[in-house]
Each structure stands twice: as structure tokens, then as C-alpha cells.
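Examination of the molecular architecture
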There are 2 protein chains.
Amino acid sequence: MTIDTTTRGTVRAYHEARFQGDVTTAAAQIGEGFRFRSPFITSDSPTGHLDGLDGLLGIVTGVELISELYGETEATLVYDVHTTPAIGITQRTAEHFRLRDGRITSIELIFDAGPWQAIMSAVGTTHDEAVRTA
Amino acid sequence: MTIDTTTRGTVRAYHEARFQGDVTTAAAQIGEGFRFRSPFITSDSPTGHLDGLDGLLGIVTGVELISELYGETEATLVYDVHTTPAIGITQRTAEHFRLRDGRITSIELIFDAGPWQAIMSAVGTTHDEAVRTA
């Protein structure tokens, strides 16, 4: 139970810092050998996936946690990311974490990128620009 | 712990039956008021989301379970669905279950539908046809 509490503490600290735009606190939860993957980004630096976070947060109106489940060395969150009316996407997201020694060593962000691709096409955003906000 | 074991038993029975094409066993794990949602389907019948399962399984070569986490009344699985070389998609999937009295009352299937939409466009499949295999 102590281990699960540690897992929860680290993952929640990361999650909350990320959606508050606090890159320093989010990065402090990341451990060695970190790897991030989402439909738009693959990164192995501790903060590479947080580049452009301000751009993302500029269109996010709220994050609604639907589920949080913790194991000894992993966790999965499920949440909805609500966006401004101009964007109009509610992004149902799953985020799977692996941890070692109380630090996050991998994150898999799973969501349907289709709605974002439609918006990017509509506004003429390039893929390279898009990934910096993913 | 007993409750988590019940949750695990039901969810694993459903998961394995689904990918073996055993609709009867999968449906037996579904409870009243069931609701299913994926990027392609919203259904509230116990087996509506399993229509066309044979079509899906015809292109699936394997399912690789990456994570399974269980709570008292919910669970989240993360897995890769591998497909035939002709399709060439490895679908990283998260599946969130809610349960009541040992039966599944909701499933949220989260994955990036983008690669499927590209294939459907290429082969001229209509959306209605596509949802029956999702």
C-alpha cells in the first residue's frame, strides 16, 4: 500500500503540474531513461514532450479525471480534456505510466488524434507545429 | 482483495472471449444499463459493439496485453492490437471498464482512429461499414 501511495503521489503531482503549466514540477517527477509516446510525439528527453505546453493550455478549459488506477510500478489515468468553443474537442484520454524508484520512466498517451488532424488541416498547421502542442 | 479478484475475473473473461470471437461468453459478462463508446461506435445494447467482430478478428494477428489495473468497480487494460501486414496497424488501445455486481456496465475504448480512417478512405469503405468492425 505504501508503494501504491508513492505511485499515486508521483503520478498526481505530474498530472496536476502538467495541466497547470508547471514544467519544473512535472519534470521533477521524471526518472532516468524516460520515454514518452503519443499519437503526435515520440520523445526520450525529460521535458521534450512538454515543449509548447503553454500553447496547449491556451485552448484547454478544464481537465476532468474519470479514473485513476495504481499498481506498484505503473498507473493509468483516464480523463477528458475540454477545450475552448472555437476548438470544440472533448479529448477522452488514457495515460499509462511506468515508474521506477518513485519516478516516471515512461508515459503512453492514448487518444483519438482524428479530430485534431481535421482542425490542423483546416487551419493549415503543419505536422511539426502540431506536435509541439500535443 | 476479493472484490478486485472478481473485477479481474469478469474483465479478463470478457477480453479473452472478445478476441477469440466468443460473443456469447463476452456478452455474459455484460450487466444491465450497459453503455459502450469508441471512436467509431456508441452503443447501449449488450452486443451491439460486437457486431462485425469476425471482420475485425480476420485482420488481427495478435493482442499483446501491456497493463491491467483493477479497482473495486472499475478496470483499465492497455494493449496493442497487431494486424495483418496488409493493414499494417499496431493499435495501442486503452479500455476502461466500470462494473456493478461483478458485471460490466460500461466500456470506453480509447485509441487513435487516424490510421484506420486513412485505410478506410483508401479502400472506399463507408463510415457505416467501418463502425461495424470497430
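Shown above is the structure to which this text applies.
What comes next is a walk through the structure. (Residues numbered from 1 in each chain as written. Chains lettered and ligands numbered in written order. Predicted model: local features only at pLDDT ≥ 70, side-chain atom pairs only at ≥ 80, totals over all residues. Heavy atoms only, no water.)

Turning next to the overall build of chain A. Assigned secondary structure in chain A consists of five helices and six strands. Put simply, chain A runs from its N terminus to its C terminus through helices and strands in the order α-α-β-β-α-β-β-β-β-α-α. Taken over 134 residues, chain A has a buried fraction of 46%. Residue pairs at least 24 apart in sequence account for 54% of intrachain contacts in chain A once pairs closer than 6 positions are excluded. A total of about 6,300 Å² of accessible surface is found on chain A, and carbon and sulfur atoms cover 49% of it. (Helix = DSSP H or I, 4+ residues; strand = E, 2+ residues; numbered from the N terminus. Buried < 20%, exposed > 50% of the residue type's maximum accessible area, 1.4 Å probe, protein only. Contact = heavy atoms within 4.5 Å. Areas by Shrake-Rupley, 256 points an atom, 1.4 Å probe, with all protein chains shown as cover.)

On to the environment of Gly102 of chain A, then. Residue and element names in this part refer to chain A. Looking at the element boundaries, Gly102 is found in the loop between β5 (90–100) and β6 (103–110). Along the sequence, Gly102 and Gly62 sit 40 residues apart, while their C-alpha atoms lie 27 Å from each other. Other than its neighbours up to four places away in sequence, Gly102 contacts Thr6 and Thr10.

Right, let's get into the sheet that holds strand β2 (residues 42–43) of chain B. Residue and element names in this part refer to chain B. Spatially, β2-β1-β6-β5-β4-β3 is the arrangement adopted by the six strands of the open sheet, whose pairing is mixed. Among the strands making up the open sheet, the edge pair consists of β2 and β3 (60–70). Across two bridges, strand β1 (residues 30–37) lies against β2 in antiparallel orientation. In the strand pairing of β2, Phe36 is matched with Ser43. (Pairing = 2+ DSSP bridges.)

Turning our eyes to something else, we now look at the relation of the copies chain A and chain B. Both copies of the chain are related by a screw-like operation: a rotation about an axis and a shift along it. The two copies are related by a screw operation: chain A maps onto chain B through 180° of rotation and 0.0 Å of translation along the axis, at an RMSD of 0.0 Å. Read as a symmetry element, the transformation amounts to a two-fold axis. Looking at the rotation axis and the C-alpha trace of chain A, the residue lying nearest is Asp112 of chain A, at 1.9 Å. Here 100% of the contact residues of chain A are again contact residues in chain B; the copies associate through an equivalent surface. (Least-squares fit on C-alpha atoms with pLDDT ≥ 70 in both.)

With that settled, consider the sheet that holds strand β2 (residues 42–43) of chain A. Residues and elements named next belong to chain A. Spatially, six strands are ordered β2-β1-β6-β5-β4-β3 in an open sheet, and the strand pairing comes out mixed. The sheet terminates laterally at β2 and β3 (60–70), the two strands that pair on one side only. With four bridges joining them, strand β1 (residues 30–37) and β6 adopt parallel strand pairing. Residue pairing for β6: Phe36 is matched across the bridge by Ile107.

For the rest of this paragraph, the subject is the interface of chain A and chain B. Listed by partner, the interface residues are 24 residues for chain A and 24 residues for chain B. Carbon and sulfur atoms supply 59% of the area that chain A and chain B bury against each other, a total of about 1,700 Å² over both sides. Looking at the side of chain A facing chain B, the largest losses of area belong to Leu69, Arg92 and Ile110 of chain A, adding up to 35% of the total buried there. For the interface between chain A and chain B, the tally reads two salt bridges. Linking chain A with chain B are ten residue pairs in polar contact (both at pLDDT 80 or more). Broken down by secondary-structure element, the contributors of at least two residues to the side of chain A that touches chain B are β3, β4 (74–83), β5, β6 and α4 (114–123) of chain A. Of the residues in the side of chain A that touches chain B, the class split is ten nonpolar, seven polar and seven charged. (Buried area = accessible area lost by both parts, 1.4 Å probe. Salt bridge = Lys/Arg side-chain N within 4 Å of Asp/Glu carboxyl O. Polar contact = N/O pair within 3.5 Å; in protein donor to acceptor, adjacent residues only side chain to side chain. Nonpolar A, V, L, I, M, F, W, Y, C, P; charged D, E, K, R; others polar.)

All right, on to the environment of Thr10 of chain A then. With respect to the helices, strands and loops of the structure, Thr10 of chain A is situated in helix α1 (residues 2–20). Sequence spacing of Thr10 of chain A and Gly102 of chain A is 92 residues, and the spatial spacing of their C-alpha atoms is 6.6 Å.

The next thing to look at is the pattern of salt bridges. Residue and element names in this part refer to chain B. What the rule picks out here adds up to 17 salt bridges over all chains. Glu108 is paired through a salt bridge with Arg35; the nearest N and O atoms lie 4.0 Å apart. Taken together, the positions of Glu108 in strand β6 (residues 103–110) and Arg35 in strand β1 put the pair 73 residues apart, joining distant regions of the chain. Under the relative-accessibility criterion, Glu108 is labelled buried at 11%.

To continue, consider α4 of chain A. Residues of α4 of chain A that are buried: Gly114, Trp116 and Met120 of chain A. End-on, the buried residues of α4 of chain A take up no more than an arc of 155°, which puts them together on one face. (Arc of directions from axis to C-beta.)

Now for the nonpolar core. Of all hydrophobic cores here, the largest spans 30 residues; its most connected members are Val11, Tyr14, Phe40, Phe97, Ile104 and Ile107 of chain B. Counting residues per element, the ones that place at least two in this core are α1 (2–19), β1, α3 (53–57), β3, β4 (74–83), β5 (90–100), β6 and α4 (114–123) of chain B. Those residues in contact with Ile104 of chain B, other than ones at most four positions away along the chain, are Thr10, Tyr14, Gln29, Ile30, Gly31, Phe34, Phe97, Arg98 and Leu99 of chain B. Core analysis: the second largest hydrophobic core is formed by 29 residues, Tyr14, Tyr79, Ile89 and Met120 of chain A among them. (Core = buried A, V, L, I, M, F, W, Y, C linked by side-chain atoms within 4.5 Å.)

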